[in-house]
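Here is what each chain is made of, one letter per residue.
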Amino acid sequence: MRDTEHEAGTGKRPLGVGMVGYAFMGAAHSQGWRTVGRVFDLPLRPVLSAVCGRDGGAVRAAADRLGWAAAETDWRALVARDDVDVVDICTPGDSHAEIAIAALDAGKHVLCEKPLANTVEEAEAMAEAAERARARGQVSMVGFNYRRVPALALARQMVAEGRLGTLRHVRLTYLQDWLVDPEFPLTWRLNKDRAGSGALGDLGAHIVDLAQYLVGEPVTGVSALTETFVRERPLLDGASSGLTGAGGAAGGPGGAVSGPGDGATGPGGAATGPVTVDDAAVFTGRFPSGALASFEATRFAAGRKNALRLELNGSDGSLAFDLERLNELSFHDHTEPATSSGFRRILVTEPGHPYLEAWWPPGHGLGYEHTFVHQARDLVHAIAEGGVAEPSFADGLGVQRVLAAVEESAAKNSVFTPIPNTPVPHTPVQV
C-alpha cells in the first residue's frame, strides 16, 4: 500500500523498490537505496518495499538488517507486488534473464547487476524486452557501478572534450587474489552454469564496459588467452556469497556448488569438484578509430585485493586511474612545454566534479559504497524524466558480445575475433 500521507507531506511520489538477492551485491545496492534520498534532492522518493530470497528465515533477517519493509521467498511474488515499481536484480547470472524479462513484461523498471547475462542469446532477449518496455515508458539499467566513481565520470568528460586529443592506447587491468589458495572451496562463481564465466565475466565485464564508456566507442574485435590454474576445488556444504568460503545465506538464487562432484578427492580426502570457468583472461582489442586496447582480468594476483587500474594515452595527453585511490585522477597535458609538463594529481572532491555537489566539503573523499548511491540517483532521475538510463541493456549486450568473442578467440588459440554488430575498425596504413 502506498504511503500517501507521507507522500503528501513531502510532495514527492514514492518509488517502490523490490530487490532479488541480498548477499554482497544486495547489501551494496541496499546501501545505495537507503542513502540516495538523504543525500540528493530527487524527483521521486525511493521506498525499500521488499527483498527476496529462497530461505524464509534468512531473507527476513536480511530485510531487518538491510532496511527492507517486507520479505518474499519467490521472486515472482515480488514482481507482482503493487508496491514494487523497480525490480533490482542482485542474483547470479543464470537467473538474470528470466527475472528481468518477467519484470519488464509486468510493467516494472529494472536494474540488473553485471554482467547482463551468462550468454549473448540471453542478453539479446533481455535487450529486446527492454526496448519493448521503453516504448511503454519503462527504464532499465545494468549495474556497472564503476561508471559512477566521480573520477571516472570526470575522465569521461575530459575525453569527450578532447583533452587527450586522438586516443592511441587504452589499457585496463583488474586484479584480485581471492582464489590463489587451491583449498578455497568451489563456490557458485566457479561454476559456468551459474556464473557464465570466471574472472572474465566477474572482472573483465567491468573493464570492458569502462573502456567503451571512456572511449565512447565499442570494441570491434579481440585476441585472447584464458587459463584455469586450479582445476579441482573442495566442495562446500551450505551457502556462500561466492567471494568467501564461509557458509551463510547467499540470498536470492545463489549459494555454493555442492554435492558429489566427479568423485575426486583432495589432499585431505575431502571431495572435490571441477572448476568450469576461467581463472584469468588476457586480451587485446581494437576500437573503430584505430585505438588499441589491452585488458587483463585475474583472481590470482597475489597481494592484489581490488586493483582496477587504467590508463588512456592520446595525441595531446594521458589519463590514469587506480580504484584503490578512487578520489584521484592523474592527468598529463602533452601540449604544455616539456620543461614543465608531467603527470599531475587531480583530487576529485570539488563540488563542480560529477556527483560531488551533494557530498562533503572539498578534500573529503568518497568510497566504494558511494558508487551505488550515484547509481540509484541516476536511475531515479531517468525514471522520473522518462529518459534512457545508462548503461542500458543494449550497452550490457555490447559487453556480453565482447566477452563471448574473448572466449571464442581463446578457444581458437588467440585468433583475432570480430565483435558482431560493431563498426568496421580503422585500418592502419601499412608502411
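Residues numbered from 1 in each chain as written. Predicted model: local features only at pLDDT ≥ 70, side-chain atom pairs only at ≥ 80, totals over all residues. Heavy atoms only, no water.

**Some remarks on the overall build of the protein**
Reasoning step 1: Secondary structure assignment for the protein yields 11 helices and 17 strands.
Reasoning step 2: Looking at the protein residue by residue over its 431 residues, the buried ones come to 56%.
Reasoning step 3: Considering only intrachain contacts with a sequence separation of at least 6, the fraction spanning at least 24 residues in the protein is 73%.
Reasoning step 4: Total accessible area on the protein is roughly 17,800 Å²; 51% of this is exposed by carbon and sulfur atoms. (Helix = DSSP H or I, 4+ residues; strand = E, 2+ residues; numbered from the N terminus. Buried < 20%, exposed > 50% of the residue type's maximum accessible area, 1.4 Å probe, protein only. Contact = heavy atoms within 4.5 Å. Areas by Shrake-Rupley, 256 points an atom, 1.4 Å probe, with all protein chains shown as cover.)

**Quick word on the nonpolar core**
Reasoning step 1: Counting 118 residues, the largest nonpolar core has Leu329 and Phe393 as the members making the most contacts within it.
Reasoning step 2: Broken down by element, this core gets its largest block of residues, 11 residues, from helix 9 (residues 199–215).
Reasoning step 3: Setting aside its immediate chain neighbours within four residues, leucine 329 contacts Ala151, Leu154, Ala155, Met158, Leu319, Ala320, Phe321, Arg344, Arg345, Ile346 and Val348.
Reasoning step 4: Core analysis: the next-biggest nonpolar cluster, separate from the first, contains 10 residues, Leu179, Leu190, Val275 and Phe300 among them. (Core = buried A, V, L, I, M, F, W, Y, C linked by side-chain atoms within 4.5 Å.)

**What about the environment of arginine 299?**
Reasoning step 1: Residue placement: arginine 299 occurs in the loop between strand 12 (292–298) and strand 13 (307–314).
Reasoning step 2: Note: C-alpha distance between arginine 299 and alanine 199 (100 residues apart in sequence) is 6.2 Å.
Reasoning step 3: Only 3.0 Å separates the side chain of arginine 299 from the side chain of aspartate 202, close enough to count as a polar contact. (Polar contact = N/O pair within 3.5 Å; in protein donor to acceptor, adjacent residues only side chain to side chain.)

**Some remarks on the pairing of strand 15 (residues 328–333)**
Reasoning step 1: Counting buried positions along strand 15 yields five of six residues, so the element is predominantly enclosed.
Reasoning step 2: In the sheet, strand 14 (residues 317–322) pairs with strand 15 via four bridges, with the strands oriented antiparallel. Looking at the pairing, serine 318 lines up with histidine 332 of strand 15.
Reasoning step 3: The hairpin formed by strand 14 and strand 15 contains five residues between the paired strands.
Reasoning step 4: Relative to strand 16 (residues 344–347), strand 15 runs antiparallel, the two sharing four bridges. Bridging from a neighbouring strand, glutamate 328 pairs with leucine 347 of strand 16. (Pairing = 2+ DSSP bridges.)

**Some remarks on the packing of aromatic side chains**
Reasoning step 1: Within this structure, the stated rule accounts for nine aromatic pairs.
Reasoning step 2: Aromatic pair phenylalanine 283 and phenylalanine 295: ring centres 4.6 Å apart, planes at 15 degrees, arrangement stacked. Of this pair, phenylalanine 283 sits in strand 11 (residues 280–286) while phenylalanine 295 sits in strand 12, and the two are 12 residues apart along the sequence.
Reasoning step 3: A relative accessible area of 1% means that phenylalanine 283 is categorised as buried.
Reasoning step 4: The buried category is assigned to phenylalanine 295, whose relative accessible area is 2%.
Reasoning step 5: The ring of phenylalanine 40 has arginine 377 sitting right over it, with the charged end atom 5.4 Å from the ring centre. (Phe/Tyr/Trp six-rings, centres within 6.5 Å; stacked < 30°, edge-to-face > 60°. Lys NZ or Arg CZ within 6 Å of the ring centre and 35° of its normal.)

**Focus on the layout of surface pockets**
If you roll a probe as big as a water molecule over the atoms, it shows you where there is empty space left.
Reasoning step 1: Empty space within the second largest pocket amounts to approximately 310 Å³.
Reasoning step 2: Only helix 9 and helix 11 (393–411) provide two or more residues apiece to the lining of the second largest pocket.
Reasoning step 3: The greatest single-element share of the lining of the second largest pocket, amounting to seven residues, is contributed by helix 11.
Reasoning step 4: The residue makeup of the lining of the second largest pocket, split by class, is nine nonpolar, five polar and five charged. (1 Å grid on protein atoms, 1.4 Å probe; cavity = no way out; pocket = protein on both sides within 12 Å on 5 of 7 lines; lining within 4 Å. Points joined across faces, edges and corners; volume = space filled by probe spheres on them. Nonpolar A, V, L, I, M, F, W, Y, C, P; charged D, E, K, R; others polar.)

**Focus: the sheet that holds strand 1 (residues 14–20)**
Reasoning step 1: One open sheet holds the six strands; their spatial order is 3-2-1-4-5-6, and the pairing between them is parallel. Edge strands, defined here as strands with exactly one partner in the open sheet, are strand 3 (70–72) and strand 6 (140–143). Taking the axes of each pair of neighbouring strands and ignoring which way they run, one obtains an average angle of 25 degrees across the sheet.
Reasoning step 2: Bridge analysis of strand 4 (residues 86–89) against strand 5 (residues 109–113) gives four bridges, and the strand direction is parallel. Directly across from valine 86, in strand 5, lies its bridge partner histidine 109.
Reasoning step 3: Its contacts with the sheet put helix 11 on strand 5 and strand 6, and the angle it makes with strand 6 is roughly 40 degrees. (Axes fitted to C-alpha atoms, helices over the stretch in contact; angles between N-to-C directions.)

**What about the environment of alanine 376?**
Reasoning step 1: By the secondary structure assignment, alanine 376 is in helix 10 (residues 370–385).
Reasoning step 2: Assessed through its relative accessible area of 3%, alanine 376 is described here as buried.
Reasoning step 3: For alanine 376 and histidine 29, which are 347 residues apart along the polypeptide, the C-alpha to C-alpha distance reads 8.2 Å.

**Some words on the side chain of serine 95**
Reasoning step 1: Position of serine 95 relative to the elements: it lies in the loop between strand 4 and helix 5 (96–105).
Reasoning step 2: Polar contacts involving the side chain of serine 95 include one to the main-chain carbonyl oxygen of proline 92, which spans 3.1 Å.

**Remarks on the pattern of salt bridges**
Reasoning step 1: Inspection of every chain in the model, using the stated rule, returns 24 salt bridges.
Reasoning step 2: Residues glutamate 336 and arginine 344 are paired through a salt bridge, measuring 3.5 Å at the closest nitrogen-oxygen approach.
Reasoning step 3: On the accessibility criterion, glutamate 336 (31% relative accessible area) is partly exposed.
Reasoning step 4: Three or more residues joined by partner-sharing salt bridges are found here, namely Lys114, Arg189, Asp202 and Arg299. (Salt bridge = Lys/Arg side-chain N within 4 Å of Asp/Glu carboxyl O.)

As far as function goes, none of this settles anything; it's purely spatial.
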